[in-house]
Amino acid sequence: MDARELTRDERKKIRSLVTGMCANYDRETGLCLPLDCGCYMLHKCWTGAYCRYFREAVLPLDPELLAALTVEGGSPELRACAVCGRAFLPEGRQAYCSDACKAEGNRRKSRERMRKMREKRPGGGYDLPPRKA
C-alpha cells in the first residue's frame, strides 16, 4: 500500500482517539508511557507505520477511520446513509446507518409511492361519495 497524506479529518479523529481512548497516553504530560516521549500518533501526517497498540486496540473503535487507513485509496466498503449522508460500514445490502434513519427512509419511500399513486388517479385526489340533495 502506498503512503498518502492524512486528511484533516483523519488527523483530527486520530488525535481524539489517542487523547480519549489510548491507555498508553498520559493526559497530564502528553507523553506515551511505554516510550517516555511524546506520542508519535499525535503528530502523524502520513499513512504507513502506526503505533502497534493504537493499531490493535484503539483504531478498531472507529470503523470508518479503520477502513480509510487500512484500505488503499480510501474505503470502497464505506457507504453513505441514504437519509443523513453519514458514512458507515454496511452489513450486506444495508442502506441506512441506524434504525432511526431506516424508519425515516421507509417513511419517505412510502410518502413518495402514495404521491405517485394519487397522481395516476383521474382527478388527482381522493374519491369522495356524491353529496345528497
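Definitions and limits used
Residues numbered from 1 in each chain as written. Predicted model: local features only at pLDDT ≥ 70, side-chain atom pairs only at ≥ 80, totals over all residues. Heavy atoms only, no water. Helix = DSSP H or I, 4+ residues; strand = E, 2+ residues; numbered from the N terminus. Buried < 20%, exposed > 50% of the residue type's maximum accessible area, 1.4 Å probe, protein only. Contact = heavy atoms within 4.5 Å. Core = buried A, V, L, I, M, F, W, Y, C linked by side-chain atoms within 4.5 Å. Salt bridge = Lys/Arg side-chain N within 4 Å of Asp/Glu carboxyl O. Disulfide = S-S within 2.5 Å. Pairing = 2+ DSSP bridges. Axes fitted to C-alpha atoms, helices over the stretch in contact; angles between N-to-C directions. Parallel < 35°, antiparallel > 145°, perpendicular 65-115°, else oblique. Left-handed = near helix turned anticlockwise from the far one by under 90°.

You'll find the protein entered in an unreviewed UniProt entry as DNA replication and repair protein RecO, with Enterocloster lavalensis given as the organism.

K.L.:
Mind showing me how you'd approach the overall build of the protein here?
P.N.:
Broken down by element type, the protein carries 4 helices and 5 strands. Secondary structure elements in the protein, listed N-terminal to C-terminal, are α-β-β-β-α-α-β-β-α. With 133 residues in all, the protein has 24% of them scored as buried. Of the contacts formed within the protein by residues at least 6 apart in sequence, a portion of 35% connects residues at least 24 apart.

K.L.:
Sorry, what's going on with the environment of Phe54 here?
P.N.:
Topologically, Phe54 is positioned in helix 2 (residues 52-58). Sequence separation between Phe54 and Ile14 is 40 residues; the distance between their C-alpha atoms is 9.2 Å. Not counting chain neighbours up to four residues away, the residues in contact with Phe54 comprise Ile14, Leu17, Val18, Met41, Leu59 and Pro60.

K.L.:
Mind showing me how you'd approach the nonpolar core here?
P.N.:
One broad trend across soluble globular proteins is that nonpolar side chains are buried collectively. Judged by nonpolar contacts, the single largest core of 16 residues is most densely connected at Ile14, Val18, Cys39, Met41, Phe54 and Leu69. Secondary structure elements with two or more residues in this core: helix 1 (8-21), helix 2 and helix 3 (63-70). Ranked by residue count, the leading element in this core is helix 1, at 3 residues. Among the nonpolar cores identified, the runner-up in size contains 5 residues, and Phe88, Tyr96, Cys97 and Cys101 belong to it.

K.L.:
Is there a simple way to explain the pattern of salt bridges in this structure?
P.N.:
Pairing of side chains with opposite charge becomes possible as their charged atoms draw close. Here the structure, examined in full by the defined rule, presents 6 salt bridges. Note that Arg55 is salt-bridged to Glu56, the shortest N-O span being 3.7 Å. The class of Arg55 is partly exposed, set by a relative accessible area of 38%. The network of salt bridges with shared partners includes Glu104, Arg107 and Arg108.

K.L.:
Teacher, can you tell me more about helix 3 here?
P.N.:
Along an α-helix, residues three or four apart share an orientation, since each turn contains 3.6 residues. Within helix 3, the full set of buried residues consists of Leu65, Ala67, Ala68 and Leu69. Buried positions along helix 3 lie against helix 1.

K.L.:
Please explain the state of the cysteines as it appears in this structure.
P.N.:
On inspection of all chains with the given rule, the structure shows 0 disulfides. Cys81 takes part in no disulfide bond, and the closest cysteine sulfur to it belongs to Cys84, at a distance of 3.7 Å. Here Cys101 stays unpaired: no disulfide links it, and the sulfur of Cys97, its closest cysteine neighbor, is 3.7 Å away. Residue class for Cys101 comes out buried when judged on its relative accessible area of 11%.

K.L.:
Sorry if this is basic, but what is going on with the sheet that holds strand 3 (residues 37-38) here?
P.N.:
Whether parallel or antiparallel, the strands of a sheet pair through hydrogen bonds between backbone atoms. Spatially, 1-2-3 is the arrangement adopted by the 3 strands of the open sheet, whose pairing is antiparallel. Two strands close off the open sheet at either side, each with one partner strand: strand 1 (25-26) and strand 3. As defined by bridge partners, strand 2 (residues 31-32) adjoins strand 3 across 2 bridges and the pair is classed as antiparallel. Its bridge partner being in strand 3, Leu31 is matched across the sheet by Gly38.

K.L.:
Would you mind going over the packing of helix 1 against helix 3 with me for this structure?
P.N.:
Packed helices, taken two at a time, are described by their axes: the angle between them and the distance between them. Running from amino to carboxyl end, helix 1 crosses helix 3 at an angle of 125°, the nearest separation of the two axes being 11 Å. Comparing their axes, helix 3 and helix 1 come out oblique. Considering only the axes of helix 1 and helix 3, their crossing is left-handed. Contacts between helix 1 and helix 3 pair Glu10, Lys13, Ile14 and Leu17 from the former with Glu64, Leu65, Ala68 and Leu69 from the latter.

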